[in-house]
Amino acid sequence: MEIGPKIKALRIFNGLTQEELADRAELSKGFISQLERDLTSPSIATLSDILQCLGVSVAEFFAEDSEEQVVFTAEDYFEKEDDELKNKIEWIIPSAQKNIMEPIRLTLQAGGQTYPDNPHEGEEFGFVLSGEITIHIGKKKYHAEAGDSFYYIPAKMHYVTSDTGAELIWVSSPPSF
């Protein structure tokens, strides 16, 4: 394993110059430069000091990167239908609840609505794929139709309704569905 490029990537990710990393690890800038180009190897103690400055444990540094799924197809979607509210939610990134944002595809039947959601931290964004919707935020209502997008800070009670039926992409950060 070439550790130099990996250390360099971590240094850059943390927004540090070689000199700043060297100062924090009590090493010379020249040593960091040589290390990043794999021209020298650090002792275990020195590597541990460098990684501590970069916010990574030795175990994390040497752990093999697992292959994460990047592309999701319809077969991967998780789906929930609610006959009472006349809607269907498809989590188009099934594991998104563990992430900072959670995109879903929402289908509202005529007369359908989403669950009323209490005020919370975060942001919500949506894009109307088809139909028309009404976005209810507190006591205000906003109309959106196919091709429109919406964005708001969910600081008040909020939900979406549709008299005619609609399909939209909705991204909530942090996840709230």
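Look a little higher up for the structure.
Reference entry: report on the structure contained in this document. (Residues numbered from 1 in each chain as written. Predicted model: local features only at pLDDT ≥ 70, side-chain atom pairs only at ≥ 80, totals over all residues. Heavy atoms only, no water.)

## Focus: unusual backbone geometry
The test is simple: Secondary structure elements are defined from DSSP: runs of H or I of at least 4 residues count as helices, runs of E of at least 2 residues count as strands, and each element is numbered from the N terminus.
Even without a glycine there, the phi angle at aspartate 38 is positive, about 55 degrees. Assignment of secondary structure puts aspartate 38 in the loop between helix H3 (29-36) and helix H4 (44-53).

## A short note on the environment of glutamate 75
Put simply, the rule reads: In this scheme, a residue with accessible area under 20% of its type's maximum is buried, one over 50% is exposed, and one in between is partly exposed, where area comes from a 1.4 Å probe on protein chains only.
Inspection of the secondary structure assignment puts glutamate 75 in the loop between helix H5 (58-62) and strand E1 (78-82). Residue classification places glutamate 75 among the exposed positions, given a relative accessible area of 70%. Expressed as a C-alpha distance, the spacing of glutamate 75 and isoleucine 92, which sit 17 residues apart in the sequence, is 9.7 Å.

## Topic: H3
Inclusion rule: The arc in question is the one traced by the directions running from the helix axis out to the C-beta atoms. Two residues form a contact once any of their heavy atoms are found within 4.5 Å.
For H3, every residue scored as buried is listed here: Ile32, Ser33, Leu35 and Glu36. Each buried residue of H3 lies within a common arc of 165 degrees when the element is viewed along its axis, so the set occupies one face. If you follow the buried residues of H3, they end up packed against helix H1 (3-13), helix H2 (18-25) and H4. Backbone geometry just downstream of H3 places aspartate 38 in the positive-phi region, at approximately 55 degrees.

## Describing the pairing of E1
What counts, and what does not: We call two strands paired when DSSP finds no fewer than two bridges between them.
As defined by bridge partners, E1 adjoins strand E2 (residues 87-91) across five bridges and the pair is classed as antiparallel. Residue glutamate 81 lies in a different strand from E2, and its bridge partner there is lysine 88. In this structure, the hairpin formed by E1 and E2 is closed by a connection of four residues, where lysine 86 is found at a positive phi of approximately 55 degrees.

## Focus: the pattern of salt bridges
Rules: A pair is scored as a salt bridge if a Lys or Arg side-chain nitrogen falls within 4 Å of a carboxyl oxygen belonging to Asp or Glu.
Tallied over the full model, the rule gives three salt bridges. Note that glutamate 36 and arginine 11 form a salt bridge whose closest N and O atoms lie 2.5 Å from each other. In this pair, glutamate 36 is assigned in helix H3 and arginine 11 in helix H1, connecting sequence segments 25 residues apart. Here glutamate 36 and arginine 11 have matching classes, each one buried. Residue glutamate 167 is joined to arginine 105 by a salt bridge in which the shortest nitrogen-to-oxygen separation is 3.2 Å. With a gap of 62 residues between them, glutamate 167 in strand E9 (residues 166-173) and arginine 105 in strand E3 (residues 102-108) connect regions that are remote in the sequence. What makes arginine 105 partly exposed here is its relative accessible area of 22%. Through salt bridges with shared partners, one network takes in Glu90, Arg105 and Glu167.

## Some words on the pairing of E3
The element E3 is largely enclosed, with a buried count of five among its seven residues. Sheet topology note: the E2/E3 ladder contains five bridges and is antiparallel. Looking at E3, one finds that isoleucine 89 is bridged to leucine 106. In terms of strand pairing, E3 meets E9 through seven bridges, oriented antiparallel. Note that in E9 the partner of threonine 107 across the bridge is glutamate 167.

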